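Examining the three-dimensional arrangement
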Amino acid sequence: MKNARKTIFALILSAIIITSSGCEISPSAPTIGSDAELSQSSSSISEESSSLPETDFSEPEAEPEPILTPTVLLSSKEVQRGSYLTVAVQNIDLYGCSFTDFLGYEREFRGKDGIWYCFIPIKTAAEAGEYTLSFTFGDFSYSETVTVTERDFPTQYLTVSPSTLEETLEDAAVRAAFDEFFQKYRYKNTGAALWNGEFVLPLGDYKYKETTAYGTFRTFSNGATEWHNATDMAAPGGTPVYATNSGRIIFAEYLGLTGNTIIIDHGYGIMSWHYHLRRLDVSTGDMVEKGELIGEVGTTGLSTGNHLHFGITVGGIFVDPMAMMGTEPDFDFWMVKEE
Ligand SMILES: [Zn+2]
């Protein structure tokens, strides 16, 4: 059916008039309806005015410019620790516009089909409670209360041999190398959706054992602590690892802490991270299809046994990768879907 999708503005809607520029902001061309449709409606307006009865002495009105007010919609006003919400803005051009979110992270809008999108991820360590999501670009501003909801994460005590700890967590150079690596890649935001449909498990049908869940607060035997922001999937060494979705390999190398490591860029700031691999079957720069072999499970780096450490970042923050399985980022959340 042609009218399969109808726009609704009933979700969370804020209409603000724009008058001046911030980051190159100008009242954008209407994003709904093609140019052809617009010129058609303009001509039908002229026809109407020319057929007005003679008794109408009102001054001919200038053809109104089709000015649409910017609207902001949120996928939800509630978001759980370890999840993310989506902001969509329409009727304004937000190219190059960024703002600081309520957790202190710089966020940038990316365009798709005339709508501007931004993901707001919530890190595991975030405090539950009410926050204000707000941004101002020129005279266009938006503010909304967002509730971060609680989630119970498990705790874990992990015994690691002193020699392994010495070579990894306790080695300042190894840690610095990891920090440099992480900062370099985490905020990459390719402004295109490279994924293809829903995310799938990286071990395919293999019945792995989840040895450490996402969000586990871990204490190592030397007293060091960390949020384990990924899912550990135990499987025999050599078990094939497949691309959780299509994308570009932006890193496929060995690192002291994470061993053989692969990052796939899926676009719009979404990336999957794979650590401790025994073998790398891809190289930096490769494009991979969802389900394509990328490597093998191993136990390289800071690891106590064969497993895949599998994480997904959204906007540079690790979110629950298992919650992403069988889903894809929904850019059309603000539309009513009909049969
Ligand atoms: Zn892990």
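Structure report, in brief. (Residues numbered from 1 in each chain as written. Predicted model: local features only at pLDDT ≥ 70, side-chain atom pairs only at ≥ 80, totals over all residues. Heavy atoms only, no water.)

1. Topic: the coordination of the zinc ion
A four-donor tetrahedral metal ideally has 109.5 degree angles, and a six-donor octahedral metal ideally has angles of 90 or 180 degrees. What counts, and what does not: Note that water is not among the atoms used; donors are N, O and S atoms within 2.8 Å of the metal (3.2 Å for Na, K and Ca), so sites may look incomplete. When four donors show all angles between 85 and 135 degrees the site is tetrahedral, when four or six donors have opposite pairs over 155 degrees and all other angles between 65 and 115 it is square planar or octahedral respectively, and in every other case it is irregular. Helix and strand definitions follow DSSP, with helices as H or I runs of at least four residues and strands as E runs of at least two, each counted in order from the N terminus. We call a residue buried when its accessible area falls under 20% of the maximum for its residue type, exposed when it is over 50%, and partly exposed in between, using a 1.4 Å probe and counting protein chains only.
Looking at the metal site, the zinc ion is ligated by His-228 (NE2), Asp-232 (OD), Asp-232 (OD) and His-309 (ND1), spaced 2.0 to 2.7 Å from it. For the zinc ion, the four donor atoms in the first shell make angles of 54 to 158 degrees at the metal, so the coordination geometry reads as irregular. As a motif over one chain, the donors of the zinc ion read H-x3-D-x76-H. Here the residue His-228 occupies a position in strand 14 (residues 225-228), and His-309 occupies one in strand 23 (residues 307-314), the gap between them amounting to 81 residues. Given the relative accessible area of 2%, His-228 is considered buried.

2. A closer look at the packing of aromatic side chains
Our working definition: The aromatic pairing rule takes the rings of Phe, Tyr and Trp, using the six-membered ring of Trp, and pairs them if the centres are within 6.5 Å, calling planes under 30 degrees apart stacked, those over 60 edge-to-face and the rest tilted.
Counted by the stated rule, this structure contains 28 aromatic pairs. Joined through ring pairs, the aromatic side chains of Phe-178, Phe-181, Phe-182, Tyr-185, Phe-251, Trp-273, Tyr-275 and Phe-318 make up one cluster.

3. Quick word on the side chain of Asn-91
What counts is decided by this rule: Whenever a nitrogen or oxygen atom comes within 3.5 Å of another N or O atom, the pair is scored as a polar contact, on the condition that within protein one atom can donate a hydrogen and the other can accept it, and that pairs from neighbouring residues in sequence are kept only if both atoms are in side chains.
Relative to the helices and strands, Asn-91 resides in the loop between strand 4 (84-90) and strand 5 (98-100). Here Thr-69 takes part through its backbone oxygen, which lies 3.0 Å from a polar atom of the side chain of Asn-91.

4. Digging into unusual backbone geometry
Of note, Asp-113 is a non-glycine position whose phi angle comes to about 50 degrees, a positive value. Take Asp-113: it is sitting in the loop between strand 7 (110-112) and strand 8 (115-121). A positive phi angle is found at His-276, which is not glycine, with a value near 70 degrees. For His-276, a relative accessible area of 4% corresponds to the buried category.

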